[in-house]
2 protein chains.
Amino acid sequence: MSTVPEVVIQRLPLYIRTLTRLQDRGVEVISSQELGAAQRMTPAQIRKDLSYFGRFGKQGRGYTVKYLLLELSRILGLDRQWNAAVIGVGRLGRAILGYPGFAPAGFKMIAAFDADPRQVGTRVGELMVQDMAELENVLSKNEIDIAIVSVPADHAQAVADKVVRGGVKAILNYTPFFLQVPSDVRVRSIDPVVALQSMTYYLRQGKTKAG
Amino acid sequence: MSTVPEVVIQRLPLYIRTLTRLQDRGVEVISSQELGAAQRMTPAQIRKDLSYFGRFGKQGRGYTVKYLLLELSRILGLDRQWNAAVIGVGRLGRAILGYPGFAPAGFKMIAAFDADPRQVGTRVGELMVQDMAELENVLSKNEIDIAIVSVPADHAQAVADKVVRGGVKAILNYTPFFLQVPSDVRVRSIDPVVALQSMTYYLRQGKTKAG
């Protein structure tokens, strides 16, 4: 399974989301046509994506929603808890720590760090903000799976370097800065500008049409 | 150009980001191989994506970074300012209003709304938080291009409905809720859980390897 293209892996969470929604609605079986329509993909692409992981559906019968959801969750490693640390607890970091979607999905925030002495020692929810100077010490205990970086952009790379030295292999980057990391470390960026820019194309066409 | 697949449009902002980075580094010409490597795509896919919009490169010569950046920006409608309203100014909404990446990219936050009377009338940066009851009235002035929704998940659909009725065609959804909108309205979701779930696959493999 190590040869699965990264784009396919990046799409799997969308399957999880779609299938969860279908299960909540009581749908038990779904065709690759319907699954495709829900994710704006072709049935052929759905079948190809899933074929990397084995045989999930029977020709002409569609996929069992519950089974496919369970299997894809297992493949993605979502059948366990992952521990994350939030680094930088300004307004954004605090919003992240307060985000209600992480815990139900199996992501637990177990530590928070900040370089600002006024933040250190304060509480955010159940966590006590720790001094950034403690970061490497805490990482050395190997309890942090994921680093969530929400420091100002000009500190982002330095923090990423520390995190990488500490052995963390997954970074969720909330800064607009492009992080340089070794190839065995994954970075995903939360970039609202990229999301907005993929809509302006259509806004512009609408405006043109309307005169 | 109305037949360009949405997945291609969704990739264009990544080109913008990559090309901006290259331009900042002083790179003047880039091959589809190099552009592909930077975006984890094949050169053939790069060429196919760009072919939807005309001829940007000469066979064997690569693309002129500055020209390609300018053209793609124009195609995406990034050569003008877009006005956005932030709806819901809790911790997350305030973090969004304070995000430094919007203004340089041409996105201007011109209004903020909240249903909580304790928030209404307070200032966030240069904006005065307005009462949610004023939303439809403000939208009717046609000055808002994009609605950024950062209300609690159980209010998300009701807010989206109001925004759609107000004629807004682009929604940036910060809630974990899947918004139902007419087909002429675009929604992009900022979902950190989806981003995390596309990394756990690799974390899990790493853990397995390490025993």
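First, a word on what this report is: a plain description of the structure on this page. (Residues numbered from 1 in each chain as written. Chains lettered and ligands numbered in written order. Predicted model: local features only at pLDDT ≥ 70, side-chain atom pairs only at ≥ 80, totals over all residues. Heavy atoms only, no water.)

### Some remarks on the overall build of chain A
So, point 1. Within chain A one finds eight helices and ten strands.
So, point 2. When its C-alpha atoms are laid out on the principal axes, chain A stretches across 60 × 50 × 35 Å.
So, point 3. Counting every position in chain A, which comprises 211 residues, the buried fraction comes to 50%.
So, point 4. In chain A, the share of contacts with a sequence separation of at least 24, taken over all contacts with a separation of at least 6, comes to 56%.
So, point 5. Per element, the accessible surface of chain A, about 10,500 Å² overall, is 51% carbon and sulfur.
So, point 6. The distance from the centre of the 27 positive side-chain charges to the centre of the 19 negative ones in chain A is 10 Å. (Helix = DSSP H or I, 4+ residues; strand = E, 2+ residues; numbered from the N terminus. Buried < 20%, exposed > 50% of the residue type's maximum accessible area, 1.4 Å probe, protein only. Contact = heavy atoms within 4.5 Å. Areas by Shrake-Rupley, 256 points an atom, 1.4 Å probe, with all protein chains shown as cover. Lys, Arg positive; Asp, Glu negative; His and termini not counted. Charge placed at Lys NZ, Arg CZ, Asp CG, Glu CD.)

### Structural notes on the relation of the copies chain B and chain A
So, point 1. Rotating chain B by 180° about the axis while translating it 0.1 Å along that axis superimposes it on chain A, leaving an RMSD of 0.1 Å. Both copies of the chain, as the preceding transformation shows, are related through a two-fold rotation axis.
So, point 2. Comparing contact sets, 100% of the residues at the interface of chain B also lie at the interface in chain A, consistent with an isologous, same-surface contact. (Least-squares fit on C-alpha atoms with pLDDT ≥ 70 in both.)

### Quick notes on the packing of helix 2 (residues 32-39) of chain A against helix 3 (residues 43-51) of chain A
Residue and element names in this part refer to chain A.
So, point 1. The geometry of helix 2 relative to helix 3 is characterised by a closest axis approach of 8 Å and an angle of 100° between their N-to-C directions. Comparing their axes, helix 3 and helix 2 come out roughly perpendicular. Each of S32, Q33, L35, G36 and Q39 in helix 2 lies in contact with helix 3, whose residues at this interface are P43, I46 and R47.
So, point 2. Looking at side-chain class alone, the contact of helix 2 with helix 3 contains three nonpolar, four polar and one charged residues. (Axes fitted to C-alpha atoms, helices over the stretch in contact; angles between N-to-C directions. Parallel < 35°, antiparallel > 145°, perpendicular 65-115°, else oblique. Nonpolar A, V, L, I, M, F, W, Y, C, P; charged D, E, K, R; others polar.)

### Re unusual backbone geometry
So, point 1. Not every positive phi belongs to a glycine, and N142 of chain A is a case in point at roughly 60°.
So, point 2. Following the sequence through the fold, N142 of chain A ends up in the loop between helix 6 (135-139) and strand 8 (146-149).

### Section: the pattern of salt bridges
So, point 1. Applying the stated rule across the entire model yields 18 salt bridges over all chains.
So, point 2. One salt bridge in this structure joins D184 of chain A and K169 of chain A, with 2.7 Å as the shortest N-O distance. Within this pair, whereas D184 of chain A is found in the loop between strand 9 (170-173) and strand 10 (186-189), its partner K169 of chain A is found in the loop between helix 7 (153-165) and strand 9, the two being separated by 15 residues in sequence.
So, point 3. D184 of chain A gets classed as partly exposed once you look at its relative accessible area, which sits at 42%.
So, point 4. Residue R188 of chain B is joined to E6 of chain B by a salt bridge in which the shortest nitrogen-to-oxygen separation is 2.9 Å. (Salt bridge = Lys/Arg side-chain N within 4 Å of Asp/Glu carboxyl O.)

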